[in-house]
Amino acid sequence: LDDTDRQWWQSLQSMNDATQRAAAYVEKAGLTSANEMMIYLQGGPGFGAPTPIVGLGLSSAGSSWASKALTLYSRIVLMDQRGTGRSVPITKQRLEQDFPDLFVLDDKDSSELPALNEFPESFPEEHAKVQEALKDATEYMAQFRADSIVRDAEDIKDTLLLPSSTDQPRPYGCALGQSFGGFCMMTYLSQIAHPPRICLLTGGIAPMLTPVYDVY
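Every residue gets a number counted from 1 within its own chain, in the order that chain's sequence is written. Thresholds applied to this predicted model are a pLDDT of at least 70 for local features of residues and 80 or more for the giving and counting of side-chain atom pairs; totals over whole chains, interfaces and linings are not thresholded and use all residues. Note: side-chain values were computed over all heavy atoms of the structure, leaving out hydrogens and water.

Colleague: Would you take a moment to explain the overall build of the chain for this structure?
Modeller: If you tally the helices and strands in the chain, you get 9 helices and 4 strands. Helices and strands appear in the chain in the N-to-C order α-α-β-α-β-α-α-α-α-β-α-β-α. In this setup the radius of gyration rests on C-alpha atoms only. A globule is expected at 2.2 Å times the number of residues raised to 0.38. Expected size for 216 residues packed as a compact globule is a radius of gyration near 17 Å; at 22 Å, the chain overshoots this value by more than 25%. The principal-axis extent of the C-alpha atoms belonging to the chain is close to 70 × 50 × 40 Å. The buried share of the chain, reckoned over its 216 residues, is 30%. In this description, contact between two residues means that some pair of their heavy atoms is separated by no more than 4.5 Å. Within the chain, contacts between residues separated by at least 24 positions form 63% of all contacts whose residues are at least 6 apart in sequence. About 13700 Å² of surface is accessible on the chain, with carbon and sulfur atoms providing 53% of the total. Charge counting treats Lys and Arg as positive and Asp and Glu as negative, with His and both chain ends excluded. Just so you know, the charge point we use is NZ for Lys, CZ for Arg, CG for Asp and CD for Glu. Within the chain, one finds 17 positive and 28 negative side-chain charges whose respective centroids are separated by 10 Å. Helix and strand labels come from DSSP, where a helix needs a run of H or I of at least four residues and a strand needs a run of E of at least two; each type is numbered from the N terminus. Exposure classes here rest on a 1.4 Å probe applied to the protein chains alone. A residue is buried below 20% of its type maximum, exposed above 50%, and partly exposed in between. Note on areas: Shrake-Rupley with a 1.4 Å probe; residue coverage comes only from the protein chains shown.

Here is the structure:
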């Protein structure tokens, strides 16, 4: 970094508003194409993206996949997928907060609970609450699937690029999908009109003829 870059970086740290910092970065980067941009789709599901330096070595070419990738691409996008990292992780505590009726029986003595098929008659009020909460929670959880994740990746890319005066597609130059990230990659290729130009998968190819439940 030269003195100008250091001054810019220091000014960025002084901004308390995330939207302001993002706008400053986009202006500074001045990217009009995603050809030199690589996105990493993390495995899991449930894990946030690795943190540079702390969880991802960048010291020299070849010290990690990222350091090698930076010899080929100028930007690497490390995205915390929905429900992971800083993207509001899904935990039991989170579900208890948003859907408390899912857990109305948690405080009851297990010896007092009937068989599952007798639950509606023995606890009709609680059963109705659980059913409604289960419906709402299912709709909420459905927003964290691979199809939503790859749309997020597209939105992030478009946000990082300067506005374009044409409708020409601007796909990522490359994407790396690790484990569950490979499942996301297959979704990318299946559902996004202009997926990354190069797609690398490391052990994350979904089964074609065998149900996922049998494989895992």
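Colleague: Any chance you could explain the pattern of salt bridges here in plain terms?
Modeller: Definition used for salt bridges: Asp or Glu carboxyl oxygen within 4 Å of a side-chain nitrogen of Lys or Arg. Enumeration over the complete set of coordinates arrives at 11 salt bridges. With a closest N to O distance of 3.6 Å, Arg-6 and Asp-3 form a salt bridge. With Arg-6 and Asp-3 both in helix H1 (residues 3–13) and 3 residues apart, the pair spans about one turn of that helix. Ionic pairing is found between Lys-92 and Asp-106, a salt bridge with its closest N-O pair at 3.6 Å. With Lys-92 in helix H4 (residues 92–98) and Asp-106 in the loop between H4 and helix H5 (119–122), the pair connects residues that are 14 residues apart, well separated along the chain. The class of Asp-106 is partly exposed, set by a relative accessible area of 44%. Three or more residues are tied together by salt bridges with common partners; here these are Lys-92, Glu-96 and Asp-106.

Colleague: What is the right way to read the packing of aromatic side chains from this model?
Modeller: Pairs of aromatic rings are described using the distance from one ring centre to the other and the angle between the two planes. Aromatic rings from Phe, Tyr and Trp, with only the six-membered ring used for Trp, were paired whenever their centres fell within 6.5 Å, and each pair was classed as stacked if the ring planes differed by under 30 degrees, edge-to-face if by over 60, and tilted otherwise. By the definition in use, this model includes 6 aromatic pairs. On the numbers, 6.4 Å between centres and 50° between planes, the contact of Trp-8 with Trp-9 is tilted. Site record: aromatic cluster; members linked through ring pairs are Phe-99, Tyr-140 and Phe-144. For a Lys NZ or an Arg CZ to count as sitting over a ring, it must be within 6 Å of the ring centre and within 35 degrees of the ring normal. Over the aromatic face of Tyr-172 sits the side chain of Lys-157, whose NZ or CZ is 5.8 Å from the ring centroid.

Colleague: So what exactly am I meant to see when it comes to the sheet that holds strand E2 (residues 75–78) here?
Modeller: As a general point, the strands of a sheet are linked pairwise by backbone hydrogen bonds and lie either parallel or antiparallel. Ordered by their spatial adjacency, 4 strands build an open sheet running E2-E1-E3-E4, and the pairing between neighbours is parallel. Only two strands of the sheet have a single neighbouring strand rather than two, namely E2 and strand E4 (198–202). Averaged over all neighbouring strand pairs, the angle between strand axes comes to 20°, with direction disregarded. Paired strands are those between which DSSP finds at least two bridges. Across 5 bridges, the pairing between strand E3 (residues 174–178) and E4 is parallel. Each residue of the ladder has a partner; that of Gly-177, found in E4, is Leu-201. To define axes, lines are fitted to C-alpha atoms, for helices over the stretch in contact only, and angles between the resulting N-to-C directions are given on a 0 to 180 degree scale. Each of strand E1 (37–41), E3 and E4 is contacted by helix H8 (residues 180–191), which is oriented at about 135° to E3, the strand it contacts most.

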